[in-house]
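So the chains spell out like this:
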Amino acid sequence: MAPPLMERSTNWYLPSAPMVYAVISDPRTVDNPDMPSYQPYVHGMYDPPALIPLQMMGVNLNVDCYVDTAIIVVSGTWRIHCVMGSRSCDCLIAVPMGNQGSILGVEVDLPTKSYVTELIGEQESKGIGKIARPEDGGFLKPHIFTLTIPQIDGGTNISIKIRWSQMLSYNAGRFSLTVPFCFPEYVTPAIKKISKKEKIELNVNSGVANGISCKATSHPLKEIRRHEGKFSFLYEAEIFKWSTTDFRFSYSVSSGNIFGGILLQSLYDYDQSDMFCIYLFPGSEQNRKVFKKEVVFVVDISESMQGRPLESTKSAISAALSKLSPEDSFNIIAFSNEAFQFSTSMELASKDAIERATAWISMKYTVGGSTNLFIPLEKAADMLSNTRGSIPMIFLVTDGSVEDERNICHWMQKRLTNQGVLCPSIHTFGIGSFCNHYFLRMLAMIGRGEYGAAFDLDSIEVQMNKLFSKGLSTVLANITIDAFDDCEEIEVYSSRIPDLSLESPLTIYGRYQGSFPDNLKVKGILGDLSSFTMDLKIRRAKDIPLDSVLARRQIDLLTAQAWFSENKRLEEKVAKLSIQTCNISEYTRMTLLEKNIMKHFGAWKKKGDPQKIVESGPPEMILLQRLSVGFGDQIATAKNIRPGSQEPELPEVAKIFIKTTSNYFGGICNRCCCMGCIRCCSKMNNQCATTLTQLCTALACIGCLHCCSESCCPNQDD
């Protein structure tokens, strides 16, 4: 009986750990650099190029966690094992990053050259003559950064160091981290005698929590240090094959009540001021009463939302409605160029009302015409204007950008200021790259809410569910810090402090000059509408790099403020912060610096003398394509272009080949992997193995990495 046909998502062929690929345009270059073979029947060129995963010789993973952020460094050595020694090829570095990952830099060392990424200002970038092609550096997916290193000789060992930051997820008093660290079998060197060392080092500094405990890890880590609020683990071993699972760990900071603290760091940078950070944790769910809620969902149903964006939004709203309590009330407004209401007034969240609302939203289809945000937002605000005894909320979901975004922010700012104590909190969610994410971030900040986004269609429902859950589980609202109002030398980056949710700790940060107040109190309103007051303890963060930990959030928030105020000085501040912390921004560009080096022993070399590496000539600078998200695309919105419609699809020939090989090798290897073909090459003669390897790699292995053209087949020039 034939084995069942196994289907794989195209995402399965994307890298699940830091990977390096040989970029093959000319199949005649493919060969073992140590044992060359004769290839008389190979002709033509690959267009687009094929990618052959390089063998990895060693890898180190270093994870430093500070409160809710991880700084991750992966360093490893890869060998160009598939290109003859007399030829060269480009090499593509692919870096998958986890939850809200942000690339910080890449360093590459070769025998005669070195490369390093660097951020420069927008004006400085205009003087660079050499500009990289779009495929030479950028984001293959929102969470996968790629960088091409040009022309490296076959047989070369490449040393690479990759740095990125990543947010820890939080649930029920527990922080968790997942780092992509699952290496496919075919990156393991074929020669078993080669030493393969894998090292993982984990350091955690909770910052404001003392009673932390490590709950789980995916790898056999050994504890080497433990102190109040800090611990370190290490794993180091000679292995037969590389890690086949992502690196995961979690630690608990749970407490019965709301708790928090203040961290201070002295900085010596462009701003001549120091940094503070306040963390508030929600405590356990059993001890916290969630607010009674009045919720309005404002949903974009313009034509561009057709398909997965709208279907995922409907599913997320249905899930959110099911979480409402019977005493909560809700409404739904769908909009394009006009608004459609589920009900003329707010409805109690009874079982019948939720069923009717679920049916109503499920029957809503996309409507042509322009996107008008102001009308539905005004209707939602009017519905919530007389809220008593509950917290009003607006959830806005859109994939488009409109002309009057600044006017909407000004109008909402004025309206919320005059509305009283419990004015509506506004949570915003952006889909794709055509909406203005900085407008949505700014609107959420004005509305004391949360901002969420999904740049990838696959992640819409998951990310939207997170935003809805966070907003609907508010336990502390109208938060104020008493000393901030009286001190002009303290700058809080968010003009309105967001509410505290059971789903996430709250971070409040900014700069100060001079001395920081000795005593600070945080005040707010609890879910039972009683008052809350708590003293905050101050700690000097000597061993926590607050500037690096908070950099991504600072840049995004300050960029939203710079967009809103059209303030050039604020743009310059963001650019300086971006360059200093190596975080991408709208006002900086990433470059690749190429340095030629040579090893010099001096005039009289003695046995055992270390080599001295010196640079030969000034470095060459290559300007990469713009990597930031931009400020929306009103033209694409007006044309109702769908999110993700410009992403290339896997060519049909590659889809057919993947199905064929997965079915065939599913029976032989019990896995549907086109690289099974490559493993089988070890059983064939050199000529047959080389030809089959090229075919497999070109058609399947990188079908979803480089599928810009209409076909992955090589063009034959017989």
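Reference entry: report on the structure contained in this document. (Residues numbered from 1 in each chain as written. Predicted model: local features only at pLDDT ≥ 70, side-chain atom pairs only at ≥ 80, totals over all residues. Heavy atoms only, no water.)

### Brief notes about the sheet that holds strand β29 (residues 500-501)
Consideration 1: If you trace the 4 strands from one edge of the open sheet to the other, you get β29-β27-β31-β32, paired in antiparallel fashion. In this open sheet, the two strands that pair with only one neighbour each are β29 and β32 (531-536).
Consideration 2: The pairing of strand β31 (residues 520-526) with β32 spans 6 bridges and is antiparallel. Note on β32: the bridge partner recorded for L520 is L536. (Pairing = 2+ DSSP bridges. Helix = DSSP H or I, 4+ residues; strand = E, 2+ residues; numbered from the N terminus.)

### As for the sheet that holds strand β18 (residues 259-265)
Consideration 1: Pairing in this open sheet of 5 strands is mixed, and the strands run β28-β30-β19-β18-β33 from one edge to the other. Strands at the two margins of the open sheet, each flanked by one partner only, are β28 (490-492) and β33 (538-540). Between one strand and the next, the sheet's axes are offset by a mean angle of 25°, whatever the strand orientation. (Axes fitted to C-alpha atoms, helices over the stretch in contact; angles between N-to-C directions.)

### Some points on the pattern of salt bridges
Consideration 1: As enumerated under the stated definition, the model contains 28 salt bridges in all.
Consideration 2: With its nearest N and O atoms 2.8 Å apart, the salt bridge here joins R79 to D34. You can see R79 sitting in strand β4 (residues 69-79) and its partner D34 sitting in the loop between β1 (19-24) and β2 (50-53), a full 45 residues away along the chain.
Consideration 3: For R79, a relative accessible area of 17% corresponds to the buried category.
Consideration 4: Residue class for D34 comes out exposed when judged on its relative accessible area of 52%.
Consideration 5: We note a salt bridge from D543 to K230, for which the minimum N-O separation is 2.9 Å. Of the two residues, D543 is situated in the loop between β33 and α8 (546-549) and K230 in strand β16 (residues 230-238); the sequence distance between them amounts to 313 residues. (Salt bridge = Lys/Arg side-chain N within 4 Å of Asp/Glu carboxyl O. Buried < 20%, exposed > 50% of the residue type's maximum accessible area, 1.4 Å probe, protein only.)

### Re the packing of aromatic side chains
Between two aromatic rings, the relevant description is the distance of the centres plus the angle of the planes.
Consideration 1: As enumerated under the stated definition, the model contains 24 aromatic pairs in all.
Consideration 2: Ring centres of F297 and F468 lie 5.4 Å apart, and the angle between their planes is 70°; this geometry places the pair in the edge-to-face category. With F297 in strand β20 (residues 293-300) and F468 in helix α7 (residues 460-472), this residue pair connects regions lying 171 residues apart in the sequence. Both residues of the pair, F297 and F468, count as buried. (Phe/Tyr/Trp six-rings, centres within 6.5 Å; stacked < 30°, edge-to-face > 60°.)

### Re the pairing of strand β12 (residues 174-179)
Consideration 1: Side-chain alternation along β12 places F175, L177 and V179 on a buried face and R174, S176 and T178 on a face that remains uncovered.
Consideration 2: Of the strand pairs in this sheet, strand β11 (residues 169-171) and β12 are connected by 3 bridges, and their pairing is antiparallel. The residue of β12 that forms the bridge with S169 is S176.
Consideration 3: Hairpin connection between β11 and β12: a loop of 2 residues separates the two successive antiparallel strands, and A172 in this loop has a positive phi of roughly 55°.
Consideration 4: Summarising the sheet, β12 and strand β17 (residues 247-252) pair through 6 bridges and their orientation is antiparallel. Its bridge partner lying in β17, S176 is registered against S250.

### Re the side chain of K196
Consideration 1: Mapped onto the fold, K196 is located in the loop between β12 and β13 (197-205).
Consideration 2: There is no salt bridge for the buried K196, and the closest opposite charge comes from E238, which lies 7.0 Å off by N-O distance.
Consideration 3: Excluding residues that lie within four positions of it along the chain, K196 makes contacts with M57, T188, P189, A237, E238, I239, F240 and W242. (Lys, Arg positive; Asp, Glu negative; His and termini not counted. Contact = heavy atoms within 4.5 Å.)

### Thoughts on helix α4 (residues 374-383)
At 3.6 residues per turn, the α-helix brings residues three or four places apart onto the same side.
Consideration 1: When we look at burial in α4, the residues that qualify are P376, L377, A380, A381 and M383. Angularly, the buried residues of α4 cover 160° about the axis, an arc narrow enough to put them on a single face.
Consideration 2: Those residues of α4 hidden inside the fold are in contact with β20, β21 (329-335), β22 (339-341), β24 (391-398), α5 (405-417) and α6 (437-446). (Arc of directions from axis to C-beta.)

### Side note on the packing of α4 against α5
Consideration 1: The interhelical angle for the contact between α4 and α5, taken along N-to-C directions, is 10°, at an axis separation of 11 Å. Relative to α5, α4 is oriented roughly parallel. Residues F374, L377, E378, A381 and D382 of α4 touch α5, and the partners they reach there are I408, W411 and R415. (Parallel < 35°, antiparallel > 145°, perpendicular 65-115°, else oblique.)

### Structural notes on unusual backbone geometry
Consideration 1: Unlike most non-glycine residues, Q151 shows phi in positive territory, near 40°.
Consideration 2: With respect to the helices and strands, Q151 occurs in strand β9 (residues 144-153).
Consideration 3: Under the relative-accessibility criterion, Q151 is labelled partly exposed at 48%.
Consideration 4: Positive phi values are uncommon outside glycine, yet R448 reaches one of about 60°.
Consideration 5: Tracing the sequence through the fold places R448 in the loop between α6 and β26 (451-454).
Consideration 6: Residue class for R448 comes out buried when judged on its relative accessible area of 5%.

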